[in-house]
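Spelled out, the chains give:
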Amino acid sequence: MDTYPDAKFQIFEMIQLNQFVNHLIAHNTIIVSVENELIDYVFDTLNKEYPGRVMLKPSPEMYYRYYQDDEIIVKRLPSEAPRGFTEAWQSRIEKIIVDVLVDKFLGRIVPEGEKAAVVDGAYRSYLIDEATMIRYAKRKGAEKKLVCALKEYGRMVQG
């Protein structure tokens, strides 16, 4: 991302979920979320560097059809996405939980049977800022979906 030094972006790798899931992810996917104004430029830059390995906002069906190991997905970074504490580009656990539970792409890529393990493992391993999760889910238009999912997995969110 040296080409775009002022760009707001976050990176998440699917193998980061291996600390939580029962069935380990053997083939990694790297998700680069970038502010909407730069998404096409970042895609073009990454596609030149990694030809044939980059997908722009794919549907889950396209993802599975053309999947390769170490695939790079470029998608829009929603405003209000929780930023990393030490590096702004890091995806915080609150963002990961929300995306796994309600995101139209990641929510369909992570198997339903693993979502409870992700939520349980995250709550056991990290201090979760539920207000941050709710604010981010609201921005994605999915607050009710998040709250229902957390309750389903035995985690209550603040009132």
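1. Things to note about the overall build of the protein
Part 1: Scanning the protein for helices and strands turns up 7 helices and 4 strands.
Part 2: When the helices and strands of the protein are listed from N to C terminus, the series reads β-β-α-β-α-β-α-α-α-α-α.
Part 3: Relative to the compact-globule value of 15 Å for 159 residues, the protein shows a C-alpha radius of gyration of 15 Å, a close match.
Part 4: Counting only C-alpha atoms, the protein reaches 45 × 35 × 25 Å along its principal axes.
Part 5: The buried share of the protein, reckoned over its 159 residues, is 48%.
Part 6: The contacts in the protein between residues at least 6 apart in sequence include a share of 65% that link residues at least 24 apart.
Part 7: In the structure as shown, the protein presents an accessible area of about 9100 Å², 50% of it carried by carbon and sulfur atoms.
Part 8: Looking at charge distribution, the protein has the averaged site of its 22 positive side-chain charges lying 7 Å from that of its 24 negative ones.

2. Description of the packing of helix H3 (residues 93-102) against helix H7 (residues 143-152)
Part 1: Orientation of H3 relative to H7, taken along the N-to-C sense of each, is 95°, at an axis distance of 10 Å. Classified by the interaxial angle, the pair formed by H3 and H7 is roughly perpendicular. Of the residues in H7, those touching H3 at Ile97, Val98, Leu101 and Val102 are Lys145, Leu146, Ala149 and Leu150.
Part 2: Residue composition of the contact of H3 with H7, by class: 7 nonpolar, no polar and 1 charged.

3. Things to note about empty space enclosed by the protein
Part 1: Per the stated rule, a full pass over the model turns up 1 cavity of 30 Å³ or more.
Part 2: For the lining of the largest cavity, the secondary-structure elements that each account for two or more residues are strand E1 (9-13), strand E2 (29-34) and H3.
Part 3: Considering every element that reaches the lining of the largest cavity, the biggest residue donor is E1, with 3 residues.
Part 4: Along the lines of polarity and charge, the residues of the lining of the largest cavity split into 4 nonpolar, 3 polar and 3 charged.

4. Thoughts on the pairing of strand E4 (residues 71-76)
Looking along a regular strand, one sees side chains alternate from face to face of the sheet.
Part 1: Taken across its 6 residues, E4 has 5 buried, putting it largely inside the fold.
Part 2: Note that E2 and E4 share 6 bridges and pair parallel. Of the residues in E4, the one forming a bridge with Ile31 is Ile73.
Part 3: In the sheet, strand E3 (residues 54-56) pairs with E4 via 3 bridges, with the strands oriented parallel. Its bridge partner being in E4, Met55 is matched across the sheet by Ile73.

What counts, and where the lines are drawn
Residues numbered from 1 in each chain as written. Predicted model: local features only at pLDDT ≥ 70, side-chain atom pairs only at ≥ 80, totals over all residues. Heavy atoms only, no water. Helix = DSSP H or I, 4+ residues; strand = E, 2+ residues; numbered from the N terminus. Rg over C-alpha atoms; globule rule 2.2 N^0.38 Å. Buried < 20%, exposed > 50% of the residue type's maximum accessible area, 1.4 Å probe, protein only. Contact = heavy atoms within 4.5 Å. Areas by Shrake-Rupley, 256 points an atom, 1.4 Å probe, with all protein chains shown as cover. Lys, Arg positive; Asp, Glu negative; His and termini not counted. Charge placed at Lys NZ, Arg CZ, Asp CG, Glu CD. Axes fitted to C-alpha atoms, helices over the stretch in contact; angles between N-to-C directions. Parallel < 35°, antiparallel > 145°, perpendicular 65-115°, else oblique. Nonpolar A, V, L, I, M, F, W, Y, C, P; charged D, E, K, R; others polar. 1 Å grid on protein atoms, 1.4 Å probe; cavity = no way out; pocket = protein on both sides within 12 Å on 5 of 7 lines; lining within 4 Å. Points joined across faces, edges and corners; volume = space filled by probe spheres on them. Pairing = 2+ DSSP bridges.

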